[in-house]
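# Inside the fold
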Amino acid sequence: THKSSIRAIEFLQTNGGALHTGSWAKFYLCLLGVMDWKGHNCVPAELWLLPNWVPFHPGRMWCHCRMVYLPMGYLFGVKYVYEKAEMDPLIAELRRELYTQDYTTIQWDETRHWVADMDNYSPLPATMKLLHNVLALYEQSTLLAPIRNALRKRGLAFCVEYMHAEDLQTNYIDIGPVNKVLNLLCTSHQLSSSTHTTTVEKNIILNHPRMVRHMMRCADYLWVAEDGMKMQGYNGSQCWDTSFAIQAVAESNLMEQFPELSSNVWNFLERTQILSTPVSQDSSAVEFEDPKQRERFYRHVSQGGWPFSTSAHGWPISDCTGEGLKGVLSLLRSPTIQSRLAAGTLPPISEQRLQNAVNGILTLQNEDGGWATYENQRGFGWYEALNPSEVFGD
């Protein structure tokens, strides 16, 4: 046994085992089959069926939060578990090693709110604990089963539709690595005809165009460091870094000394402006710029903005748009860029595209005068009383 594994087991045993980990970790343990879903608080997909005017509608959550709890709601709703969990010897070993008592004797419902002090960065408010307990009764009630099942079926159907829209709008990169992996898992489950498919059916699912596109984008988040493979918190910072770099070059009066660098940056910023190039205009993502589609899937306008990373990511951000715009305006001061634009050796960025960027920034100003990141403020300060996660602290 590797010394790191021994230290990990000792740490778990000393600190109460996996029953005391945070809610997001518990979620993944449930997916893997080393924790019963009764040990996880309810994530009801039915909430998406509420009218949009409801103050705590999930569509009002910040996009990074919203897009994570969307697939979580689906996977909780179907009670997804690794299909070979009961036969896999590794799962059996994990069930022994992760806990300080016999796995079969754990009273799961009693552990839902357990979390170690070291992981409890943002303790659940009493309000949220009460609501979790009410939802647990709702989840376990046989009397409410017909209503719950009917609502859940509709809620899950919307989750599938919404996740597919997110996949298409982001070219299957998704807003971040957490919902990327969960969306992939949801897509696999949704494409499966049952929880026990044949080998042939599994191969068909893996070769389904949606699964292929999902799998191809996993590499966007992976990188190998000196101590092994890791997953990034975003698919990169390409546009953000490039925008600042070219502004520094311009302010140092070095653009004419590095004409190829300046031209390459122009090419990059031109093709990175979201839904603004012929290629992006020909993609399925542009369909979601329709006002009805944006309202249905709670998306702010995207066209004309610049992202933190790449155009394919599809989520424009106010400050990234500002810096991308400043980078383009800096480049327009270069005689080399102007001459190559006139000669047609560089692709143009029309005045309309620049106006789209400015308009996008202006639409992101909140009522209090400040600017939002991805979308205008939709929620309220009292949302903190409904915070379901303990692992994010100031």
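Residues numbered from 1 in each chain as written. Predicted model: local features only at pLDDT ≥ 70, side-chain atom pairs only at ≥ 80, totals over all residues. Heavy atoms only, no water.

## Some remarks on the environment of threonine 373
- Secondary-structure assignment places threonine 373 in the segment after helix H16 (351-363).
- Given the relative accessible area of 35%, threonine 373 is considered partly exposed.
- Contacts of threonine 373, omitting those with residues within four sequence positions, involve Trp62, Pro316, Ile317, Ser318 and Leu364.
- A polar side-chain atom of threonine 373 sits 3.4 Å from a polar atom in the side chain of tryptophan 62. (Helix = DSSP H or I, 4+ residues; strand = E, 2+ residues; numbered from the N terminus. Buried < 20%, exposed > 50% of the residue type's maximum accessible area, 1.4 Å probe, protein only. Contact = heavy atoms within 4.5 Å. Polar contact = N/O pair within 3.5 Å; in protein donor to acceptor, adjacent residues only side chain to side chain.)

## Description of the pattern of salt bridges
- If you walk through the whole model with that rule in mind, you get 15 salt bridges.
- Across the salt bridge formed by arginine 299 and glutamate 166, the nearest N and O atoms sit 3.8 Å from each other. Residue arginine 299 is found in the loop between helix H13 (291-296) and helix H14 (318-331), and its partner glutamate 166 is found in helix H6 (residues 145-169); the two are separated by 133 residues along the sequence. For the residue pair arginine 299 and glutamate 166, the accessibility class agrees, reading buried in each case.
- Of the charged contacts in the structure, one is a salt bridge between lysine 230 and aspartate 227, with a shortest N-O distance of 3.2 Å.
- Three or more residues are tied together by salt bridges with common partners; here these are Glu46, Lys79, Glu139 and Arg152. (Salt bridge = Lys/Arg side-chain N within 4 Å of Asp/Glu carboxyl O.)

## As for a nonpolar patch on the surface
- Together, Val181, Leu222, Val224, Met229 and Met231 line one region of the surface with nonpolar side chains, adding up to about 460 Å² of accessible area.
- Elements represented by at least two residues in the nonpolar patch include exactly strand E1 (222-225) and strand E2 (228-231). (Patch = residues over 30% accessible without salt bridge, like charges linked within 9 Å, V, L, I, M, F, W, Y side chains within 5 Å. Areas by Shrake-Rupley, 256 points an atom, 1.4 Å probe, with all protein chains shown as cover.)

## Some words on the side chain of arginine 353
- Locating arginine 353 in the fold gives a position in helix H16.
- Apart from residues lying up to four places away in sequence, arginine 353 is in contact with Glu270, Gln273, Ser276, Thr277 and Pro348.

## Some details on the state of the cysteines
- Enumeration over the complete set of coordinates arrives at zero disulfides.
- Free cysteine cysteine 186: the closest other cysteine sulfur is in cysteine 159, separated by 8.0 Å.
- Sulfur of cysteine 320: no disulfide; nearest cysteine sulfur belongs to cysteine 239 and is 6.6 Å away. (Disulfide = S-S within 2.5 Å.)

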